[in-house]
Amino acid sequence: MSGKIIENVSVSQCYQLSRKFDTHYQRDNFAPFMRNMLPFQRGKLAWTAIPSMQLRNFSKYQSSFVNRRTVHCNAAQSTAVVPNLDKVDFLKLQNGSDIRGVAVAGVEGEPLNLTEPVSEAIAAGFAAWLLEKKKADGSRRLSISVGHDSRISAKKLEDAISRGIAGAGLDVVQYGLASTPAMFNSTVTEDDAFLCPVDGSIMITASHLPYNRNGFKFFTNAGGLGKADIKNILERAADLYNKFTAEGLTSSKGKALASVKRVDYMNVYTSDLVKAVRKAAGNIEKPLEGFHIVVDAGNGAGGFFAAKVLEPLGAVTSGSQFLEPDGMFPNHIPNPEDKTAMKAITQAVIDNKADLGIIFDTDVDRSAAVDSTGLEFNRNRLIALMSAIVLEEHPGTTIVTDSVTSDGLTTFIEKKLGGKHHRFKRGYKNVIDEAIRLNSVGEESHLAIETSGHGALKENHWLDDGAYLMVKILNKIASARASGQTGGSKVLTGLLEGLQEPAFSVELRLKINQSHQDLKGGSFRDYGEAVLKHLENYIDSDPKLQKAPVNYEGVRVSGYGGWFLLRLSLHDPVLPLNIEAPSNNDAVLLGNVVRAALKEFPALDTSALDKFVQAS
């Protein structure tokens, strides 16, 4: 199988040989096929039977070309490895259960490493992994759906990904602009008209990272892929990339074009969201009629929510902002954790006298909300709100969260709502996998949610879907109205009654200097673990402090009316320090405890902690 993929995967590498011809005709990133790419969506491929191939692009955009060119790839040289491919460390592209890299040049110190050929190899690696996973026997062709967010590199990577899949002998279904949750749903939807279900899915996104970044998320009907799967795919990709040959160009004639189809799957996805709200309200056609709800998509992929979900339900959406896709993100970072982003949606709610505000991240797997008074439902408040809704439906269930949630949230879930709070490791996939594990050993859990806004429900295939999370909130408003209650978003605010919130909270990032001699050639991870072990021993000697009896990540300590958590970042040489306390002074006392314990580690940059303590 790998031999077949190596032979077929590199159809597009012809563009490497023709780079010198087309630099004069470069266009922006939303027409990448005009530069270095073979067209899929909008053009045709023409092949000749003579020893060399002729690639002709009949794109509608070619009318603007003064001088059209034909690219020739010489079949006589077909056994040679394709030249000019940059060396890439594929494993460094792994970011937990995602792939992330630099896809747009121009930012100092951030060289390109997620190029078209790299992306093509990764897609072929996923295809090989999927063929093996599905135990494909050749009786039917497998298919993979491909979608992307609003990033400026999206189109060129979509075409590269499509070539990699098609070259491996699988069918490609392009969705264009889409959300990450929709891409997973395409693996479980049964609808022949939309070529569903597909066997696998790839979302091209880098969440809220800057415009020059991009990446990939992978799905099957079993959910998102894990870290081990991503590593496997990257290892396969590296092998394929190093064996790209010109011979593959001639052997892959026409396969790509014949394998690519394009459908508007987002209509299916949004229709299901609308049906969910109508069902919760007793099958009322417009259960949100009269409600004014504004949406902030941050110029990402979530602009559909206003016109395709809220308006069919009867809501007024005037005042919604930044719905247009713009991969430069000119207004604010599309991130529900970002203060500027939350200020933007809050202001929109106040200015428009709206009942509710909803904000999404770039690829819509995270979200947050704002009530009519400007109260933000994000971080701990969003977790508390979702816990209240889920525990009404499933009394006593376990709520799994990440490690940085507050003690007040624990009290709220367990004392007020009657559930159980299971605080686990940071990382949305860690939280989701832990909820799945708990269910497998007999402990019922229906919600896994991070302070970042990633929230997944058992009823929704454990998919972290920001749009579905907001639908659960809308369900609550719609069902309350259907039962005669009034007050709009006050219904939601009332669910938070009794939640104790910290008067002061801060997160400080302590960086590990990997070039410092104190590491003695070791890894930053080993050094970070040594720091945590030392802190743990230090705490044991102080009777005013108490370690958390159950803790899965870092060192969590209570004292002076508050708590702190020092942990090692999942991917970076950083030790994040979270402190929550009844006052700034109490937070400083906790900060001084950590500061005193860490002074024996010169490779650890504690300047952020020093500044916090001294400024206070």
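If you're wondering where the values come from, they're calculated on a predicted model, not measured in any experiment. (Residues numbered from 1 in each chain as written. Predicted model: local features only at pLDDT ≥ 70, side-chain atom pairs only at ≥ 80, totals over all residues. Heavy atoms only, no water.)

(A) Inspection of the pairing of strand β13 (residues 367-371) at higher detail. Burial analysis of β13 places five of its five residues in the buried class, which makes it a mostly covered element. Where strand β12 (residues 356-360) and β13 come together, five bridges link them in antiparallel fashion. Within β13, the residue paired with Leu-356 across the bridge is Asp-371. Taking the residues between adjacent antiparallel strands as the criterion, β12 and β13 are bridged by six residues, where Val-364 takes a positive phi near 70°. For β13 and strand β14 (residues 376-377), the ladder comprises two bridges, and the chain directions are antiparallel. (Buried < 20%, exposed > 50% of the residue type's maximum accessible area, 1.4 Å probe, protein only. Helix = DSSP H or I, 4+ residues; strand = E, 2+ residues; numbered from the N terminus. Pairing = 2+ DSSP bridges.)

(B) Up close: unusual backbone geometry. Here Cys-196 and Pro-197 are connected by a cis peptide whose omega angle stands at 5°. The phi dihedral of Asn-299 is positive, around 65°, even though this residue is not glycine. Within the element layout of this structure, Asn-299 appears in the loop between β11 (293-296) and α11 (304-310). Classification of Asn-299 as buried rests on a relative accessible area of 3%. In this model, Lys-520 sits at a positive phi of 50°, which is unusual for a non-glycine residue. Looking at where Lys-520 falls in the secondary structure, it is placed in the loop between β20 (504-512) and α18 (524-540).

(C) Examining helix α12 (residues 339-351) more closely. With 13 residues, α12 ought to run about 18 Å at 1.5 Å a step, and its terminal C-alpha atoms sit 18 Å apart, in line with that. All of the buried residues along α12 are Ala-341, Met-342, Ala-344, Ile-345, Thr-346, Ala-348 and Val-349. Of the residues flanking the start of α12, the one acting as N-cap is Asp-338, its side-chain oxygen 3.2 Å from the backbone nitrogen of Thr-340. In the segment just after α12, Lys-353 is the residue with positive phi, at about 50°. (Expected span 1.5 Å × (residues − 1). Polar contact = N/O pair within 3.5 Å; in protein donor to acceptor, adjacent residues only side chain to side chain.)

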